[in-house]
Amino acid sequence: MHKSNGDLVLPEVLVSPFRMNNELPAGKYREIFLCSEWAATMAVTDQLYETAAKRRAKYSIQSPDALQIATGISRCGHISDK
């Protein structure tokens, strides 16, 4: 199974180790998200921004969440509104 993450995932997962001043988990997270084939990140494109804006408008969600959803839509082709 392949997973797709937007560029915002890495800074989000690094927050906790940085707050705890603990570089070990931060290094592991970097390795997973930057070097792993199954957790590849996708660059945010103009199309992803537009899809994210549409989701934000429809569901009143925050931009980071909307970008993650847009990334999933781009990778999988759709996400159910149900």
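1. Digging into the packing of helix 3 (residues 46-59) against helix 4 (residues 63-76)
Relative to each other, helix 3 and helix 4 sit at 120°, their axes nearing to 8 Å. The pairing of helix 3 with helix 4 is recorded here as oblique in orientation. In this structure, the crossing between helix 3 and helix 4 has a hand that is right-handed. For the pair helix 3 and helix 4, the contacting residues are Leu48, Tyr49, Thr51, Ala52, Arg55 and Arg56 in the first and Ser63, Ala66, Leu67, Ile69, Ala70, Thr71, Ile73 and Ser74 in the second. Looking at the contact of helix 3 with helix 4 residue by residue, the classes come out as 8 nonpolar, 4 polar and 2 charged.

2. A word on the nonpolar core
Counting residues in hydrophobic clusters, the biggest one holds 6 residues: Leu48, Ala52, Ile61, Ala66, Leu67 and Ala70. Elements with a contribution of two residues or more to this core: helix 3 and helix 4. Among the elements that take part in this core, helix 4 stands out by supplying 3 residues, more than any other.

Rules behind the numbers
Residues numbered from 1 in each chain as written. Predicted model: local features only at pLDDT ≥ 70, side-chain atom pairs only at ≥ 80, totals over all residues. Heavy atoms only, no water. Axes fitted to C-alpha atoms, helices over the stretch in contact; angles between N-to-C directions. Helix = DSSP H or I, 4+ residues; strand = E, 2+ residues; numbered from the N terminus. Parallel < 35°, antiparallel > 145°, perpendicular 65-115°, else oblique. Left-handed = near helix turned anticlockwise from the far one by under 90°. Contact = heavy atoms within 4.5 Å. Nonpolar A, V, L, I, M, F, W, Y, C, P; charged D, E, K, R; others polar. Core = buried A, V, L, I, M, F, W, Y, C linked by side-chain atoms within 4.5 Å. Buried < 20%, exposed > 50% of the residue type's maximum accessible area, 1.4 Å probe, protein only.

It is worth stressing that arrangement in space is one thing and function is another; only the former is reported here.
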